[in-house]
Amino acid sequence: MTTDRPRTPQNARGLVSISPVIPVVVVTETTDAVSLATALLRGGVGIMEVTLRTGAALDAIRRVAHEVPGMVVGAGTVTTGREAEQARAAGAAFLVSPGTTPDLVRAACDTGLPYLPGVSTVSEMLGLRERGLDTMKFFPAAASGGPAFLAAVAGPLPRLMFCPTGGVAPATAADWLRLPNVGCVGGTWLTPADALAAGDWDRVEALARAAARLRDTTTASSS
C-alpha cells in the first residue's frame, strides 16, 4: 500500500477543470472502491465523488486516498458539519453538498477543503458569493431549469462557475458543457450499479474514456 496523496487543487474552481465529468459514486463494498478508482483513472478521469449514503463510504474514501495515487477523491451528499469533518479525517480531498445552510457552509469551509455547495436558486448563489464562494454544484440540475436556467444566470452572475448534477446524462452532457459558466458536470452513469456489482471494471474504464473526451467533442461541435 502506498501513502502517496494525489495532487489536489487548492480551490473548487480547480476541481471543475480536472475532468468534464465528476463521477458520483455509491459504494457498498470498500474493496470495490480501489478497483473502481483505478478503472476511472485508466479511462482518464482523475476525480470521483463518493456519496455518504452508505456505511462503506468513509472507508472507501480512506482507501482510495491512500491506495490510488493520482485520483482526487471527495465526499458527496455532505449534509452536516459532523459529516464534513468525518470526510476530512478520512482523507477526502474535497466536499460536495446537495444544498446549503449557514451552519453547513461554515463547517465545510472550516475543514479547509475545496467545497462545492449545492444551489438551485439565484438567491442561494448570491448568498454563497457573499461568503466568497464562486464555484457551486447546481442541483437538481435537470429539475431546476436545465441548461436554459444556467445560461440565463451567466449574464447577471458572470463570475460564478457550476457543476450541474442531477438528471445529467451522456446525451445531455454536451448541452451543459457548452455553457460558459459550466466547468464540468456530475453524473452516475460512469459507475452503473450493475457494473459495480459484477466487478466489470473494463466497462467502467470504457465509460470513463468516453466521458474524458466530452470536452473535446463539445469544443469541436462549437467551432
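For the structure itself, consult the block above.
Residues numbered from 1 in each chain as written. Predicted model: local features only at pLDDT ≥ 70, side-chain atom pairs only at ≥ 80, totals over all residues. Heavy atoms only, no water.

Visitor: If you had to explain the sheet that holds strand β6 (residues 118-119) to someone new, which residues and values would you point to?
Guide: One open sheet holds the three strands; their spatial order is β6-β7-β8, and the pairing between them is parallel. Pairing within the sheet leaves two strands with one partner each, and these edge strands are β6 and β8 (161-164). Where strand β7 (residues 135-138) lies against β8, four bridges are found, and the strand directions are parallel. The residue bridging Phe-138 from the neighbouring strand is Pro-164, located in β8. Of the strands in this sheet, β6, β7 and β8 touch helix α6 (residues 122-130), which is tilted by about 155° from β7. (Pairing = 2+ DSSP bridges. Helix = DSSP H or I, 4+ residues; strand = E, 2+ residues; numbered from the N terminus. Contact = heavy atoms within 4.5 Å. Axes fitted to C-alpha atoms, helices over the stretch in contact; angles between N-to-C directions.)

Visitor: Lay out the pairing of β7 in plain terms, naming residues and giving numbers.
Guide: Alternating positions in β7 separate into two faces, Thr-135 and Lys-137 on one and Met-136 and Phe-138 on the other, with burial throughout. One ladder, built from two bridges, connects β6 with β7; its direction is parallel. Residue pairing for β7: Val-119 is matched across the bridge by Phe-138. In this fold, β6 hands off to α6, which returns the chain to β7; that crossover is right-handed. For the crossover from β7 across helix α7 (residues 146-153) to β8, the handedness is right-handed. (Buried < 20%, exposed > 50% of the residue type's maximum accessible area, 1.4 Å probe, protein only. Right-handed = clockwise from strand over helix to strand, strands pointing away.)

Visitor: Requested: an account of the pattern of salt bridges, with residues and values cited.
Guide: Applying the stated criterion to the full structure yields nine salt bridges. Where Asp-175 meets Arg-178, a salt bridge forms, and the shortest distance between an N and an O atom there is 3.0 Å. Look at Asp-175 and you get partly exposed, because its relative accessible area is 39%. Across the salt bridge formed by Arg-203 and Asp-194, the nearest N and O atoms sit 3.1 Å from each other. On the basis of relative accessibility, which here comes to 33%, the residue Arg-203 falls in the partly exposed class. Taken together, the salt bridges that share partners define one network made up of Arg-42, Glu-205 and Arg-209. (Salt bridge = Lys/Arg side-chain N within 4 Å of Asp/Glu carboxyl O.)

Visitor: Before we move on, could you go through the packing of aromatic side chains and cite the residues and values that matter?
Guide: Evaluation of the coordinates by the stated rule reveals two aromatic pairs. Three or more aromatic residues joined by ring pairs form one cluster here, namely Phe-138, Phe-149 and Trp-176. The cationic tip of Lys-137 hangs over the ring face of Phe-139; the distance from NZ or CZ to the ring centre is 4.7 Å. (Phe/Tyr/Trp six-rings, centres within 6.5 Å; stacked < 30°, edge-to-face > 60°. Lys NZ or Arg CZ within 6 Å of the ring centre and 35° of its normal.)

Visitor: Summarise the nonpolar core; cite the residues concerned and give the values.
Guide: Core analysis: the largest hydrophobic core is formed by 74 residues, its most contacted members being Leu-40, Met-48, Leu-95, Met-125, Phe-162, Trp-176 and Val-185. Of the residues forming this core, the biggest block, six residues, is contributed by helix α2 (residues 30-42). When near neighbours in sequence (up to four residues on either side) are disregarded, Trp-176 contacts Phe-138, Ala-141, Ala-142, Gly-146, Pro-147, Leu-150, Pro-164, Val-168, Val-182 and Val-185. (Core = buried A, V, L, I, M, F, W, Y, C linked by side-chain atoms within 4.5 Å.)

Visitor: Outline the environment of Thr-165, supporting the account with residue identities and numerical values.
Guide: You can see Thr-165 is positioned in the loop between β8 and α8 (170-177). Between the alpha carbons of Thr-165 and Leu-177 there is a distance of 12 Å; along the sequence they are 12 residues apart. Discounting chain neighbours no more than four positions away, the residues touching Thr-165 are Val-24, Lys-137, Phe-138, Phe-139, Pro-140, Ala-141 and Gly-186. A polar side-chain atom of Thr-165 sits 3.4 Å from the main-chain carbonyl oxygen of Cys-163. (Polar contact = N/O pair within 3.5 Å; in protein donor to acceptor, adjacent residues only side chain to side chain.)

Visitor: An account of α7 is needed here, citing residue identities and associated values.
Guide: Every buried residue belonging to α7 is among Gly-146, Leu-150 and Val-153, and all of these are buried. The arc that holds the buried residues of α7, viewed along the axis, is 65°, so those residues lie on one side. For α7, the exposed residues lying more than 90 degrees away from the buried face are Ala-148 and Ala-152. Where α7 is buried, its residues meet α6, β7, β8 and α8. (Arc of directions from axis to C-beta.)

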